[in-house]
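Results of the structural survey
The lines below spell out each chain.
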Amino acid sequence: AQSVTQPDIHITVSEGASLELRCNYSYGATPYLFWYVQSPGQGLQLLLKYFSGDTLVQGIKGFEAEFKRSQSSFNLRKPSVHWSDAAEYFCAVGLYNQGGKLIFGQGTELSVKP
Amino acid sequence: NAGVMQNPRHLVRRRGQEARLRCSPMKGHSHVYWYRQLPEEGLKFMVYLQKENIIDESGMPKERFSAEFPKEGPSILRIQQVVRGDSAAYFCASSPSSGRLGAGELFFGEGSRLTVL
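What comes next concerns the included structure. Since we're looking at a predicted model, the values are computed, not measured.

A word on the pattern of salt bridges. Scanning all chains against the criterion turns up ten salt bridges over all chains. Across the salt bridge formed by E18 of chain B and R20 of chain B, the nearest N and O atoms sit 2.8 Å from each other. Taking relative accessible area as the criterion, R20 of chain B reaches 39% and is therefore assigned partly exposed. Between R64 of chain B and D86 of chain B there is a salt bridge, with the nearest N and O atoms lying 2.7 Å from each other. Here R64 of chain B, found in the loop between strand 6 (53-56) and strand 7 (65-68), pairs with D86 of chain B, found in the loop between strand 8 (75-79) and strand 9 (88-95); they are 22 residues apart in sequence, far enough to count as distant. Each of E64, E66 and R77 of chain A takes part in salt bridges that share partners, so that together they form one network.

Below, the structure is given as structure tokens:
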């Protein structure tokens, strides 16, 4: 069965430091890959997505992610974290021909310290 | 995201009562999805609807839960005879299409948080 794993439940980084959030997936083919961010009490906002082509994807708010087929990973990165980046981050897999039926990881909560 | 409207934002029910959650998709979107987020967990797919049709309900519990998306009006997620385990945030999302470009091009509402006493 398809699955998405985010190994880190909670990460704390200092403001201005770099960030990498890990995501691994299990799927028989190349899926569509997404990162969403959720602020407390809010809905989800799409940060970036990968369908095909260039494996380094740029998103909003200075985030990027790299698809590595050999590692079944799609890690999210940001070179310099801002306090406003504190939120919950979800990696998700979309399946071919299944529209918006996404499989989400458990989420990684990001805290930013001054 | 503000384009997908969900109400109520918060709902409190006692065990055995019914809960009705409403979702109006973004203008021009004809595909609606419902997801459930239990505490400390990620979102889990429940159901995918188009106007007057249920396309995929593989994530819906077999009993007490139903969903509809009528020709006119919002999509409704209905939970009958609620139990404490139904306490969760229920998110609606919409998309303009179901193909590759629709995959993941979901616009989420702010969710309806159900608390069952």
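Anyway, onward from the coordinates.
The extent of an interface is frequently quoted as the accessible surface area lost upon association of the parts. Taken residue by residue, the interface counts 22 residues in chain A and 24 residues in chain B. Run the count over chain A and chain B and you get one salt bridge. As a salt-bridge pair, K101 of chain A and D56 of chain B come within 3.3 Å of each other at their nearest N and O atoms. Those elements giving two or more residues to the side of chain A that touches chain B turn out to be strand 5 (32-38), strand 6 (44-50) and strand 11 (102-104) of chain A. The class makeup of the residues in the side of chain A that touches chain B is nine nonpolar, eleven polar and two charged.

This part covers the environment of E41 of chain B. Structurally, E41 of chain B is set in the loop between strand 4 (31-37) and strand 5 (43-50). A sequence separation of 47 residues divides E41 of chain B from A88 of chain B, and the C-alpha atoms of the two residues are 10.0 Å apart. Aside from chain neighbours lying at most four places away, what touches E41 of chain B is F90 and Q106 of chain A.

Here we come to the state of the cysteines. Two cysteines joined by a covalent bond between their sulfur atoms form a disulfide. Under the definition given, this model contains two disulfides over all chains. One disulfide in the model links C23 of chain A with C91 of chain A; its S-S distance is 2.0 Å. On the S-S bond that ties C23 of chain A to C91 of chain A, the torsion sits near -65 degrees, and the link is left-handed. Taken together, the residues C23 of chain A in the loop between strand 3 (19-21) and strand 4 (24-26) and C91 of chain A in strand 10 (residues 87-94) connect sequence positions 68 residues apart. Like C91 of chain A, C23 of chain A is buried. Bridging C23 of chain B to C92 of chain B, the disulfide has an S-S length of 1.8 Å. Its torsion about the S-S bond being -55 degrees, the disulfide of C23 of chain B and C92 of chain B is classed as left-handed. A residue pair is termed long-range when its members are at least 10 positions apart, and C23 of chain B in strand 3 (residues 19-24) and C92 of chain B in strand 9 qualify at 69 residues. The exposure class assigned to C23 of chain B is buried, which follows from its relative accessible area of 0%. Using a relative accessible area of 0% as the deciding quantity, one classes C92 of chain B as buried.

Turning our attention to the sheet that holds strand 1 (residues 5-7) of chain B. All names here are of chain B. Sheet architecture is open: four strands sit in the order 1-3-8-7, paired in antiparallel fashion. Pairing within the sheet leaves two strands with one partner each, and these edge strands are strand 1 and strand 7. Going from strand to strand, the sheet's axes swing by 15 degrees on average, the running direction of each strand aside. Two strands pair when backbone bridges link them, and strand 7 and strand 8 are joined in this way by four bridges, in the antiparallel orientation. Bridge pairing in strand 8 places F65 opposite I79.

A ring pair, where both rings are aromatic, is described by two values, the distance of the centres and the angle of the planes. Under the counting rule described, the total for this entry stands at 15 aromatic pairs over all chains. For the ring pair Y35 of chain B and F45 of chain B, a centre distance of 5.8 Å and an interplane angle of 75 degrees mean the geometry is edge-to-face. Here F45 of chain B lies in strand 5 and Y35 of chain B lies in strand 4, a separation of ten residues in the sequence. Considering the side-chain rings of Y35 of chain B and F108 of chain B, the 5.9 Å spacing of their centres and the 55 degrees angle between planes classify their relative orientation as tilted. Pair noted here: Y35 of chain B is in strand 4 and F108 of chain B is in strand 10 (residues 107-108), with a separation of 73 residues, a long-range link. Per residue, the accessibility class of Y35 of chain B equals that of F108 of chain B, and both read buried. Through a chain of ring-to-ring contacts, the aromatic side chains of Y32, F34, Y36, F51, F90 and F104 of chain A together with Y35, F45 and F108 of chain B assemble into a single cluster.

What counts, and at which threshold
Residues numbered from 1 in each chain as written. Chains lettered and ligands numbered in written order. Predicted model: local features only at pLDDT ≥ 70, side-chain atom pairs only at ≥ 80, totals over all residues. Heavy atoms only, no water. Salt bridge = Lys/Arg side-chain N within 4 Å of Asp/Glu carboxyl O. Buried < 20%, exposed > 50% of the residue type's maximum accessible area, 1.4 Å probe, protein only. Helix = DSSP H or I, 4+ residues; strand = E, 2+ residues; numbered from the N terminus. Contact = heavy atoms within 4.5 Å. Nonpolar A, V, L, I, M, F, W, Y, C, P; charged D, E, K, R; others polar. Disulfide = S-S within 2.5 Å. Pairing = 2+ DSSP bridges. Axes fitted to C-alpha atoms, helices over the stretch in contact; angles between N-to-C directions. Phe/Tyr/Trp six-rings, centres within 6.5 Å; stacked < 30°, edge-to-face > 60°.

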